[in-house]
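An overview of the molecular structure
For reference, the chains in residue letters:
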Amino acid sequence: MEKSKPHVILSAAISIDGKIATRLGDSKLSSKKDKIRLHKLRSKVDAILVGKNTILRDDPLLTVRYATGKNPIRIILDSQGIIPVNSKILQTCDKIPTIIAVSKNISKLNLKKLKKFPVEIIMTGKNSVNIKSLMNNLGKRKINTVLVEGGGTINWQFIKNNLFDEILITITPVIIGGTNAITLVQGRGFDEIKKSPKLKLNTIKKLENYLVLHYTKV
């Protein structure tokens, strides 16, 4: 990646069969110790990024709570600007720096709604947020490290566009199953194995009954 782009870490907790949420959206896969590990990592990065679906499903704060340290800048990918005004993200954006990335196709009404809050709006991409353009924009703002805690669709965008550097996966000792459950990487996927990014396994950490795998891109 170009030096102007941030260092990107993809992070997720998955079931043994590679799901990050059930078909109903239940994604409570992390243990208390794993949350502490994750929040320590949050405190060390410049920004944390998720998509609108995470906001709609979980209504997270995306702050550092299970460890001590600074809160990262929060970046929300929301092409159409549909996140609710009563979401924790918008209700706390006066205290925690927040960026909402939208597309040029956002309605005037939704754009006006977002502008009522003290958030920074980055507009990029025609119908959906252009991830490459967004990363270049963040790099120019001296945002050097981004922790992506998005869902399967967001993960695919970063992997497809070769915009990630590390992957941290917590394997949870549960089996979800089902064809409608959400997998670690959604989207179309690669047609051939050889097109997959080459990864190096750096560490395996055991947290009680959980495993944390750390990969870097070769």
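Residues numbered from 1 in each chain as written. Predicted model: local features only at pLDDT ≥ 70, side-chain atom pairs only at ≥ 80, totals over all residues. Heavy atoms only, no water.

**A word on the overall build of the chain**
Counted only if it meets this: What counts as a helix is a DSSP run of H or I of at least four residues, what counts as a strand is a run of E of at least two, and both are numbered from the N terminus. Radius of gyration here is computed from C-alpha atoms only, and the compact-globule reference equals 2.2 Å multiplied by the residue count raised to the power 0.38. Partly exposed residues are those whose accessible area sits between 20% and 50% of the maximum for their type, while under 20% is buried and over 50% is exposed, using a 1.4 Å probe and protein chains only. All accessible areas in this document rest on Shrake-Rupley with a 1.4 Å probe, and a residue is counted as covered only by the protein chains that are shown.
Scanning the chain for helices and strands turns up 6 helices and 11 strands. Computed over the C-alpha atoms, the radius of gyration of the chain is 17 Å, within 12% of the 17 Å expected from 2.2 N^0.38 for a compact globule of 218 residues. Considered along the principal axes of its C-alpha atoms, the chain spans approximately 45 × 35 × 35 Å. Looking at the chain as a whole, 47% of its 218 residues qualify as buried. For the chain, the computed accessible surface area is about 11,600 Å², with 52% contributed by carbon and sulfur atoms.

**Let's talk about the pairing of strand β7 (residues 145-148)**
Operational definition: When DSSP finds at least two bridges between two strands, those strands are taken to pair.
Where strand β1 (residues 7-15) meets β7, 4 bridges bridge the pair, whose relative direction is parallel. Residue pairing for β7: H7 is matched across the bridge by T145. Relative to β7, strand β3 (residues 47-51) runs parallel, the two sharing 3 bridges. The residue of β7 that forms the bridge with L49 is V148.

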